[in-house]
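Chain by chain, the residues run as shown.
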Amino acid sequence: MAKPTRPTGNSRESADSPVTFNRTERALAFMVGGIFVLGLLCFVAMIIMWLTAPGAEGQMPWPVVMAIPLVGFPIGMVMVFVLLAITWTRRARENRQAR
């Protein structure tokens, strides 16, 4: 099997610049991912609860578990749109400077 070779020349002058994420974009991406994963876990927990103990939905942890997806998913979608806006703005600014 052939070994990958390093590109010749200066990597700073190459046509494809490496994609970099600033700290804000990275934090937003992890928060969005965490919110969506937590919401999906709550959905799975609700399905399991409804299949195993349907009368338990009024007891204490279940109202909170049922409310997390109702609040989390809209907040996550807003954060996805904010992340897209930040990324598009940064890329547009980089493209204007590259000209």
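On a predicted model such as this, the values are computed, not experimentally measured, just so you know.

Rules behind the numbers
Along each chain, residue indices are assigned from 1 in the same order as the chain's sequence is written. Where totals are concerned, whole chains, interfaces and linings use all residues; where local detail is concerned, this predicted model gives features only for residues with pLDDT of at least 70, and gives and counts side-chain atom pairs only at 80 or more. Side-chain metrics in this entry use all non-hydrogen atoms of the structure; hydrogen atoms and water are not considered. Where helices and strands are cited, they refer to DSSP runs of H or I of at least four residues and of E of at least two residues respectively, numbered from the N terminus. Whether a residue is buried, partly exposed or exposed follows from its accessible area with a 1.4 Å probe, protein chains only, as a fraction of its type maximum: under 20%, in between, or over 50%, in that order. Method for areas: the Shrake-Rupley scheme with a 1.4 Å probe, in which residue coverage is limited to the protein chains shown. Stacked, edge-to-face and tilted labels apply to pairs of Phe, Tyr and Trp rings (six-membered ring for Trp) whose centres lie within 6.5 Å, assigned for plane angles under 30 degrees, over 60, and everything in between, in that order. Two N or O atoms form a polar contact when they lie within 3.5 Å of each other; inside protein one atom must be a possible hydrogen donor and the other a possible acceptor, and for residues adjacent in sequence the pair counts only when both atoms belong to side chains. By definition here, a helix of n residues has an expected span of 1.5 Å times n minus one. By definition, residues are in contact when any of their heavy atoms lie within 4.5 Å. Note that bend, as reported per residue, equals the angle between axes fitted to the 7 residues terminating at that residue and the 7 residues originating from it. In what follows, salt bridge is the name for a side-chain nitrogen of Lys or Arg lying within 4 Å of a carboxyl oxygen of Asp or Glu.

Here we come to the overall build of the chain. Helix and strand counts for the chain stand at two helices and zero strands. Burial analysis of the chain (99 residues in total) assigns 16% to the buried set. As presented, the chain carries roughly 8300 Å² of accessible surface, and 68% of it is formed by carbon and sulfur atoms.

On to the packing of aromatic side chains. Given two aromatic rings, their pairing is described by the distance between the two centres and the angle made by the two planes. Inspection of the entire model under this criterion finds two aromatic pairs. Centroid distance Phe43 to Phe73: 5.6 Å. Interplanar angle 25°. Geometry classified as stacked. Of this pair, Phe43 sits in helix H1 (residues 23–52) while Phe73 sits in helix H2 (residues 61–98); the two residues are 30 residues apart in sequence, bridging distant segments of the chain. On the basis of relative accessible area, Phe43 is assigned to the partly exposed category, the value being 37%. One aromatic cluster is present, built from ring pairs that chain together Phe36, Phe43 and Phe73.

The next subject is the side chain of Arg90. Position of Arg90 relative to the elements: it lies in helix H2. Among the polar contacts listed, one links the side chain of Arg90 to the side chain of Glu25, at a separation of 2.9 Å.

Here we come to H1. Compared with an ideal rise of 1.5 Å per residue, which puts 30 residues at 44 Å, H1 spans 43 Å between its outermost C-alpha atoms and is within 8% of the ideal. Three or more residues of H1 are buried, namely Glu25, Leu28, Val32, Gly39, Cys42, Met46 and Met49. Buried residues along H1 sit in contact with H2.

Let us now look at H2. Given 3.6 residues per turn, any residue in an α-helix points the same way as the ones three and four places further on. Its 38 residues place the ends of H2 54 Å apart at the C-alpha level, agreeing with the 56 Å of an ideal helix rising 1.5 Å per residue. At Gly72, H2 shows its strongest bend, of approximately 25°, with the proline Pro74 following within four residues. Of all the positions in H2, only Val65, Pro69, Gly72, Gly76, Met79, Leu83, Thr87 and Arg90 are classed as buried.

This part is about the pattern of salt bridges. Tallied over the full model, the rule gives two salt bridges. Of the charged contacts, one joins Glu25 and Arg90 as a salt bridge, the two residues approaching to 2.9 Å between their closest N and O atoms. Of the two residues, Glu25 is situated in helix H1 and Arg90 in helix H2; the sequence distance between them amounts to 65 residues. Residue Glu25 is classed as buried on the basis of its relative accessible area of 1%.

Okay, the side chain of Thr87 next. Within the secondary structure, Thr87 sits in helix H2. A distance of 2.8 Å separates the side chain of Thr87 from the backbone oxygen of Leu83, its partner in a polar contact.

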